[in-house]
Amino acid sequence: MEQTNSIYSKMIYYGRILFAVIGLSVTGLVAANAAQQVNNTVGKTNTKTTAKQSDARMAWWQDARFGMFIHWGIYAVPAHAEWYMTNGHVPRGKYEEYAKQFDPTKFNADQWVKIAKEAGMKYLVITSKHHDGFCMFNTKATSYNVVKATPWHKDPLLALSRACHRYGVRFCVYYSIMDWHSPDQLAANPDAENPTYNPTSFVPGKKEAYIAYMKAELKELIDQYHPALIWFDGEWMNGWTDQDGRNLYGYLRSLDPKLIINNRIKGAGDYETPEQQIPPNGLPGHDWETCMTINGSWGYNAEDHNWKSADTLLHNLIDIASKGGNYLLNVGPDATGVIPQPEVQRLKEMGAWLKINGQAIYGTMASPFTEQLPWGRCTRETTTEGTTLNLLVFDWPKDGKLFVPKLKNPIADAYLLTVSGEHKQLKTVNSNDGVIIFVPPVAPDKIASVIVLKIKGALQVE
Ligand code: JFZ
């Protein structure tokens, strides 16, 4: 999608961070790759021992692997995605008009959460306030909010947090530090007729006032909706420093010791957030989550029909899990409160696959293989009962033999996951340089078939 120059500099900025993170854990990507991402397994006794294991706060998130991002705000009215206020150079007063037209009568919190649940998503992150500054929740800190400033007068975050609770999906919120509407922030080009907001800076002398405003809103968010995680963004605005980020992190941690906070708060944070891309070797030693759009836009964009296929989206999820990360996949509901059908359709297909094969994704750790497997991906689980390798096969072998290179262990059990839920046993032989698995001629799943390998003894891959 068309973006401004500044988004490119932002991308370079994030690219650099990502690069630095990878670079730090080096001087040899191979060594870095061998380091395993830590993960607590669901409902099993955990025997993993690394520093991160003590971090009980991250346990549910590491098990979750798949979440729903929701970009929803009054930008759904003009329907040119969430950067429209700055990209369309809309003056503040004119942009406020969209609030008066925001009346999403078809909004149904249960339906949204059900879509997430049925897709196999374990958490949901919704925009409480995007860069446009419009608050999609009930707040006393400003009247520029969904309850006060729209004809709808409802609080979608309250309904969603309750629905999430009912369906067992973790409720989380996104919050932008940069605020194009705040009287405490100055637009990059404050031209009355033709403004550009990004990146803003603080109005001289107003930084403390803005921080107080944010703290008040964030406390309301925590008290009213009990989010499991706050996903910060817009920290590249001028004047927001690492120290500011650390202070805010400390404040939030004092309000809720269990709260997870992403790295875009700046200077602190519990995990990394690569955007629209999957780091080639994961980010060993770090928790991370790739956020991605299903088309090319975050907020609703009526002209964007560039949908990724369910195939691609599932391969992404599998690729990410095999590298020890999470997938936060975005939907952009329209101004009537409806999640676009092409998005719902794809999420349904993902859910159908996960229903059969989810055990190879949830609660797993990164693959132990340092080189990419030629036919697909692998995830790993280690419990008191031993180690399991889940082989996620994209390219099914034509000769009936799937070769797992470098695996030295004897195999205790090998089976295919199938639609009926029945485990289809497979024969294996250990060769000098790996394990051969004898498989049926036709792949059980068109997108990715899962072979579960239970190995004997401590894992040996060389
Ligand atoms: C930010 C927002 O500006 C955008 O609207 C959306 O909410 C997205 C999830 O986050 O955009 C970014 C942030 C980081 C990069 C690019 C766009 N980056 O890392 O390249």
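Scroll up a little and you will see the structure.
Bear in mind that the values here come from a model prediction, so they are computed numbers and not experimental data.

A. Region of interest: the environment of Ala352. Along the chain, Ala352 falls in helix H12 (residues 341–357). Look at Ala352 and you get partly exposed, because its relative accessible area is 43%. For the pair formed by Ala352 and Glu118, sequence separation is 234 residues and the distance between their alpha carbons is 8.1 Å.

B. Seen up close, the pattern of salt bridges. If you walk through the whole model with that rule in mind, you get 13 salt bridges. Across the pair Asp244 and Lys207 runs a salt bridge whose closest N-O atoms are separated by 2.5 Å. Here Asp244 is found in helix H10 (residues 242–255), whereas its partner Lys207 is found in helix H9 (residues 207–225), with 37 residues between them in sequence. Residue classification places Asp244 among the buried residues on the basis of a relative accessible area of 12%. With a relative accessible area of 22%, Lys207 lands in the partly exposed category.

C. Highlighting the side chain of Asp256. With respect to the secondary-structure elements, Asp256 resides in the loop between H10 and strand S7 (260–261). One buried charged residue, Asp256, forms no salt bridge at all, with the nearest opposite charge on Arg253 at 5.9 Å. At a separation of 2.9 Å, a polar atom in the side chain of Asp256 contacts the main-chain amide nitrogen of Lys258. Look past the residues within four positions of Asp256 in its chain and what remains in contact with it is Ile222 and Pro227.

D. The arrangement of the nonpolar core in detail. Among the nonpolar cores identified, the biggest contains 97 residues, and Phe232, Leu252, Leu329, Leu347 and Trp353 are the most heavily contacted of them. No other element matches the eight residues that H9 contributes to this core. In this structure Trp353 touches Leu314, Ile318, Gly358, Ile361, Leu392, Asp445, Ile447, Ala448 and Val450, once residues within four positions along its chain are discounted. Counting 21 residues, the second largest nonpolar core, distinct from the first, contains Trp375, Ile437, Val439 and Leu453.

E. Local environment of the sheet that holds strand S3 (residues 170–176). Spatially, S7-S6-S3-S2-S1-S9-S8 is the arrangement adopted by the seven strands of the open sheet, whose pairing is parallel. The open sheet is flanked by S7 and strand S8 (289–293), the only strands paired with a single partner. Strands strand S1 (66–70) and strand S2 (123–129) of the sheet are contacted by helix H6 (residues 109–119), whose axis makes an angle of about 150° with S1. Lying over the sheet, helix H8 (residues 156–167) contacts S2 and S3, oriented at roughly 150° with respect to S3.

Cut-off values and rules
- Residues numbered from 1 in each chain as written.
- Predicted model: local features only at pLDDT ≥ 70, side-chain atom pairs only at ≥ 80, totals over all residues.
- Heavy atoms only, no water.
- Helix = DSSP H or I, 4+ residues; strand = E, 2+ residues; numbered from the N terminus.
- Buried < 20%, exposed > 50% of the residue type's maximum accessible area, 1.4 Å probe, protein only.
- Salt bridge = Lys/Arg side-chain N within 4 Å of Asp/Glu carboxyl O.
- Lys, Arg positive; Asp, Glu negative; His and termini not counted.
- Polar contact = N/O pair within 3.5 Å; in protein donor to acceptor, adjacent residues only side chain to side chain.
- Contact = heavy atoms within 4.5 Å.
- Core = buried A, V, L, I, M, F, W, Y, C linked by side-chain atoms within 4.5 Å.
- Pairing = 2+ DSSP bridges.
- Axes fitted to C-alpha atoms, helices over the stretch in contact; angles between N-to-C directions.

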